[in-house]
Amino acid sequence: MTDVTDEQIDRLEELEARIDAIESREAIESLHASFVRDVADRRFEALAGYFAPDAVIDMRGHGPRQGRAEIDEHFQGMEAVPLLGAGYVLSSPVVVVDGDHATGRWTWHRFHSSAQVAGRPVRVWGVWEEGRYWCEYVRTPEGWRFAVMRFRMVRPDPDPDLEAVGMTEEGASS
Amino acid sequence: MDVTEYRSRLAAASARIRELEDVEQIRALNRTYLRNLADRRWGAMLDDFTADAVVSIRSHGERRGREELAALFGAMHAAGSPPDAYLLTSPVVTVSGDEGEAAWTWHRHFTELPVMGGAVRITGPWWEGRYRCGYRRDGERWRFSAMHFRLVAPEGDADVDAVLGVHPKGVLR
């Protein structure tokens, strides 16, 4: 090969863009999986680091919070909520990457193993909740981070504002 | 763009695709391993490990190499074949050359509880665990070079923090 044609350059750049999109999707799925694992392990002090500096969270009835300081305050507040031995499953990711931005929808389950009876925990099996994450992600100098995180319960008892926040809409299949 | 830069970028693209393929092969390895474990196909699992693999599963102690691992699988096989369900989720896999590592979340849903020498059907009880694994490219495929597994919920194993860096959840009293 002595010269590179315009067609070869176009094909190379297209290939690089497709690789970047796949790598980005992988990085975003790892980001979200690690986030939920840290929630499960109650490492609340680590959670704000998963977000872009100006990120927004909207978690059930807590109202929107913006910026790492407010996000950190929200998650550190979960420390005070007793939750003995719950299990978490994150599944069915649909992540769509568009340059330095991306969207992701996930299904979330929490399995409970205890309940409070007369102020004391008792072992209870079979109780579960299903939720949905609708998120946006942004590429930052530190890697992909959450830009927007919205979370609601959908089953067995959906959060009352599920329809108002648009989370009952049919999701895109790709 | 001159030929040198073109070739360099093409080689870099090829390397990035290979790494993505490696990550996918590692995920497939771990998923197939767990499906074989769920189906109690112990014989098929041994070949998923390198000859010098180090395995530490809960209180079974550290096992090194396929011979010790075969003894461990034999003991697990003798414990029976309960019709339990297994989930393996949230993989976070990284690859560097011929080595890889990953964290996974694991669930087991029980369907039988022992009573008076028999067993009764009951659904609901579950365990949550974590895998921290090492992998090595071994010839044409990836194999486990290390596997550490501990329960984290509803009651974490006593050494889960020391082994996996996970604080045990609260224990019912």
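Residues numbered from 1 in each chain as written. Chains lettered and ligands numbered in written order. Predicted model: local features only at pLDDT ≥ 70, side-chain atom pairs only at ≥ 80, totals over all residues.

Q: Explain the overall build of chain B here, please?
A: When helices and strands are counted, chain B shows four helices and eight strands. The principal-axis extents of the C-alpha atoms in chain B amount to approximately 80 × 35 × 30 Å. Looking at chain B as a whole, 24% of its 173 residues qualify as buried. Within chain B, counting contacts between residues at least 6 apart in sequence, those at least 24 apart form 45% of the total. (Helix = DSSP H or I, 4+ residues; strand = E, 2+ residues; numbered from the N terminus. Buried ≥ 20, exposed ≤ 12 C-beta atoms within 10 Å, placed from the backbone. Contact = placed C-beta atoms within 7 Å.)

Q: Help me out: how do you make sense of the pairing of strand S3 (residues 87-98) of chain A in this one?
A: Across a regular strand the side chains alternate sides, sitting on one face of the sheet and then on the other. Residue and element names in this part refer to chain A. Bridging between S3 and strand S4 (residues 101-111) involves ten bridges; their strand directions are antiparallel. Bridge assignment links Val95 to a residue of S4, and that residue is Gly104. In textbook terms, the turn of a hairpin is the stretch between consecutive antiparallel strands, and for S3 and S4 this stretch comprises two residues, one of which, Gly99, has a positive phi near 65°. (Pairing = 2+ DSSP bridges.)

Q: What is the right way to read the interface of chain B and chain A from this model?
A: Many structure descriptions define interface size as the accessible area lost when the parts assemble. Listed as interface residues are 33 residues of chain B and, on the opposing side, 33 residues of chain A. Those elements giving two or more residues to the side of chain B that touches chain A turn out to be helix H1 (3-38), strand S3 (85-96), strand S4 (99-109), strand S7 (126-138) and strand S8 (141-153) of chain B. With nine residues, H1(B) is the largest single contributor of residues to the side of chain B that touches chain A. Within the side of chain B that touches chain A, the residues separate by chemical class into 19 nonpolar, eight polar and six charged. (Nonpolar A, V, L, I, M, F, W, Y, C, P; charged D, E, K, R; others polar.)

Q: Mind showing me how you'd approach unusual backbone geometry here?
A: Most peptide bonds take the trans configuration, and most residues that are not glycine carry a negative phi. Cis geometry marks the peptide bond from Arg155(A) to Pro156(A); its omega dihedral reads -5°. With an omega of 0°, the peptide bond between Ala153(B) and Pro154(B) qualifies as cis. Within the element layout of this structure, Pro154(B) appears in the loop between S8 and helix H4 (160-164).

Q: Just to check I follow, could you spell out the confidence of the model for chain B for this structure?
A: Reading fine detail from the predicted coordinates is not recommended where pLDDT is low. Confidence in the prediction of chain B, expressed as mean pLDDT, is 92, and 95% of residues score 70 or more. Reported confidences for the modelled complex are a pTM of 0.93 and an ipTM of 0.90. (pLDDT = per-residue confidence, 0-100.)

Q: It is not clear to me how the pairing of strand S5 (residues 112-115) of chain B should be interpreted in this structure. Could you clarify?
A: Residues and elements named next belong to chain B. Across four bridges, S5 lies against strand S6 (residues 118-121) in antiparallel orientation. Each residue of the ladder has a partner; that of Pro114, found in S6, is Ala119. In this structure, the hairpin formed by S5 and S6 is closed by a connection of two residues, where Met116 is found at a positive phi of approximately 45°.

Q: Is there a simple way to explain the packing of helix H1 (residues 6-40) of chain A against H1(B) in this structure?
A: In contact at an axis separation of 10 Å, H1(A) and H1(B) are set at 30° when each is read in the N-to-C sense. Looking at the two axes, H1(A) sits roughly parallel to H1(B). Judged by the twist between their axes, the crossing of H1(A) over H1(B) is left-handed. Between H1(A) and H1(B), the contacting residues are Gln8(A), Leu12(A), Leu15(A), Glu16(A), Ile19(A), Ile22(A), Glu23(A) and Glu26(A) on the first element and Tyr6(B), Arg9(B), Leu10(B), Ala13(B), Arg16(B), Ile17(B), Leu20(B) and Val23(B) on the second. A per-class count over the contact of H1(A) with H1(B) returns ten nonpolar, one polar and five charged. (Axes fitted to C-alpha atoms, helices over the stretch in contact; angles between N-to-C directions. Parallel < 35°, antiparallel > 145°, perpendicular 65-115°, else oblique. Left-handed = near helix turned anticlockwise from the far one by under 90°.)

Q: What exactly am I supposed to notice about the nonpolar core here?
A: A general trend in soluble globular proteins is that nonpolar side chains are found buried together. With 27 residues, the main nonpolar core has Leu47(A), Phe51(A), Ala55(A), Ile71(A), Tyr137(A) and Phe146(A) as its most contacted residues. Listed by contribution, the elements that provide at least two residues to this core are H1, strand S1 (51-59), helix H2 (68-77), S3, S4, strand S7 (128-140) and strand S8 (143-155) of chain A. Considering every element that reaches this core, the biggest residue donor is H1(A), with five residues. Look past the residues within four positions of Phe146(A) in its chain and what remains in contact with it is Tyr50(A), Phe51(A), Ala52(A), Ala55(A), Cys135(A) and Tyr137(A). By size, the runner-up hydrophobic cluster in this structure holds 17 residues, among which are Val23(B), Phe49(B), Ala102(B) and Trp142(B). (Core = buried A, V, L, I, M, F, W, Y, C linked by C-beta atoms within 7 Å.)

Q: Help me understand the sheet that holds strand S2 (residues 62-64) of chain B in this model?
A: The pairing of strands in a sheet happens through backbone hydrogen bonds and is either parallel or antiparallel. Across the sheet, six strands lie side by side as S2-S1-S8-S7-S4-S3 (chain B); this open sheet has mixed pairing. Each having just a single partner strand, S2 and S3 of chain B make up the two edges of the open sheet. Across this sheet, the average inter-strand angle for adjacent strands is 15°, counted without regard to direction. Contacts from H1(A) reach S3 and S4 of chain B, with the element oriented near 125° to S3(B). Contacting S3, S4, S7 and S8 of chain B, H1(B) crosses the sheet at an angle of about 155° to S3(B).

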